[in-house]
2 protein chains.
Amino acid sequence: MSEPLLDTTVRGFLDALASGTPTPGGGAVAALSAAMAAGLITMVCDLTIGRQQYAAFEAEARELRERAEALRAELQALAQEDVEVFNHLLAAYKLPRTTEADAASRRAAIQKVTRQATEVPLQVARAAVALLPLCAPLVRSGNRNAVSDVGVAVLLVRAAVPSALLNVETNLAALEDQLFVRQTRAQSEDLTIGLDDEVAGALALVRERIAR
Amino acid sequence: MSEPLLDTTVRGFLDALASGTPTPGGGAVAALSAAMAAGLITMVCDLTIGRQQYAAFEAEARELRERAEALRAELQALAQEDVEVFNHLLAAYKLPRTTEADAASRRAAIQKVTRQATEVPLQVARAAVALLPLCAPLVRSGNRNAVSDVGVAVLLVRAAVPSALLNVETNLAALEDQLFVRQTRAQSEDLTIGLDDEVAGALALVRERIAR
């Protein structure tokens, strides 16, 4: 796609996603899923801030809101970056390889951009993981009419992190620098430590507060 | 929000989501997450159809594509419907209740729209669940360069179904018709039977094919 992703309409984005061109693809979707989670967190903060009955939680809600908005801005930028890096990658694969020198510089270009194509989704996973600690306090003390929205945010984080990491893994498979591959894989694994438990804990809180 | 959701830019939608107005909220996000999953499935079908090496799978890929596109159209319409029903619900709560007759008709209006507000996300969950059987054959036999995109689709379905059902559950809590509540809850529970296993199976296939 040529138009910046964020300036496309929702319908246009979904149509471009469904089209036979490889961008936007799963990497951008992972970033946007996490951005939607951040947006929901901010919404619930806004439905909490300034209301008498949640006054004791107001300062914390303001802080949570600020962190969610910073992460949303980062994730939106990463969604765009994912599309761009992927387009660079497609361009690198199309470089000429008729002479040996051409083939060598094509190969170097592919390696360089593929490396970036692991760094962008890894950063998406990091930002998505950082959203999770914002959810539990909001479920406990935020606007009770919006508890299910925090639950949706948690479920989206649970989707976005492994989605981004699938994109990391796919691109690592094409890299020659095995030290970088091992380091990146270790960082990916570190990101998911404790994630399932944290998600399960937050979802249990959500279900409990909806039932009350 | 007043502008139709699908005609908003992606940035505008995320900003509206993050705003202190309750629409769009988690219900629309659940529908859009599943619509993104459908879009990714169609993309991978399109990256498979017409290619020599996947010729044996072509007829099936065309069928999967058709089903994914029908579900995407339904999910996009449901995203919009979720916003509208929720706006109707907010309007119903604002109806006058100064006289006894007013209060009675306000209460009836709230009950009627709340019922719709359970039906829309239940239909979102149904459509999202219907996407899952399209994924495994695509992972097995579709374009191998796009396996991670099918993985992202599976992860989004895993997020969209319980997200939609959280919205069902939240609205059921406000309903008086206990027969409808029990029936709807039973339908919700039926939808999730076997879901975790089907998701886990599809994700294992994805990881296996990426590693190969």
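Provided above is the structure to which this section pertains.
Residues and numbers for the nonpolar core, please.
Core analysis: the largest hydrophobic core is formed by 156 residues, its most contacted members being A:Leu131 and B:Leu131. If we skip the residues at most four places from it in the chain, B:Leu131 touches B:Ala34, B:Ala37, B:Ala38, B:Ile41, B:Ala68, B:Leu71, B:Leu75 and B:Val157.

Describe the interface of chain A and chain B, with residues and values.
If you look at the interface, chain A gives 50 residues, while chain B gives 50 residues. Around 4,200 Å² of area is buried between chain A and chain B when both sides are counted, 68% of it from carbon and sulfur atoms. On inspection of chain A and its partner chain B, the count reaches four salt bridges. Across the salt bridge formed by A:Asp15 and B:Arg72, the nearest N and O atoms sit 3.0 Å from each other. Counting residues per element, the ones that place at least two in the side of chain A that touches chain B are α1 (10-18), α2 (26-46), α3 (58-93), α5 (147-172) and α7 (195-211) of chain A. Here the element with the most residues in the side of chain A that touches chain B is α5(A); it accounts for 14 residues.

Please set out the pattern of salt bridges residue by residue, giving values where relevant.
Tallying each qualifying case throughout the model produces 16 salt bridges over all chains. A salt bridge links A:Asp46 to A:Arg65, with the nearest nitrogen and oxygen atoms 2.6 Å apart. Here the residue A:Asp46 occupies a position in helix α2, and A:Arg65 occupies one in helix α3, the gap between them amounting to 19 residues. Among the ionic pairs, A:Glu69 bridges to A:Arg72, the shortest N-O distance being 2.9 Å. With A:Glu69 and A:Arg72 both in helix α3 and three residues apart, this pair spans about one turn of that helix. Among the charged side chains, a salt-bridge network with shared partners connects A:Asp15, B:Glu69 and B:Arg72.

Explain the environment of A:Leu75 to me, using residue names and the numbers behind them.
Residues and elements named next belong to chain A. Secondary-structure assignment places Leu75 in helix α3. A residue is classified by how much of its surface remains accessible, and Leu75, at 0% relative accessible area, is buried. A sequence separation of 63 residues divides Leu75 from Leu138, and the C-alpha atoms of the two residues are 21 Å apart. Residues in contact with Leu75, not counting those within four places in the same chain, are Ala31, Ala34, Ala35, Val124, Ala127, Ala128 and Leu131.

Break down the packing of aromatic side chains for me, with residues and values.
Applying the stated criterion to the full structure yields zero aromatic pairs over all chains. Here the guanidinium or amino end of A:Arg115 rests over the ring plane of A:Phe180, the centre of that ring lying 4.0 Å away.

Account for the environment of B:Asn171, naming residues and giving values.
Inspection of the secondary structure puts B:Asn171 in helix α5 (residues 147-172). Those residues within four positions of B:Asn171 in sequence are excluded, and the remaining contacts are B:Leu89, B:Thr114, B:Ala117 and B:Thr118.

What counts, and where the lines are drawn
Residues numbered from 1 in each chain as written. Chains lettered and ligands numbered in written order. Predicted model: local features only at pLDDT ≥ 70, side-chain atom pairs only at ≥ 80, totals over all residues. Heavy atoms only, no water. Core = buried A, V, L, I, M, F, W, Y, C linked by side-chain atoms within 4.5 Å. Buried < 20%, exposed > 50% of the residue type's maximum accessible area, 1.4 Å probe, protein only. Contact = heavy atoms within 4.5 Å. Buried area = accessible area lost by both parts, 1.4 Å probe. Salt bridge = Lys/Arg side-chain N within 4 Å of Asp/Glu carboxyl O. Helix = DSSP H or I, 4+ residues; strand = E, 2+ residues; numbered from the N terminus. Phe/Tyr/Trp six-rings, centres within 6.5 Å; stacked < 30°, edge-to-face > 60°. Lys NZ or Arg CZ within 6 Å of the ring centre and 35° of its normal.

Everything listed is a geometric property; what it means functionally is a separate question.
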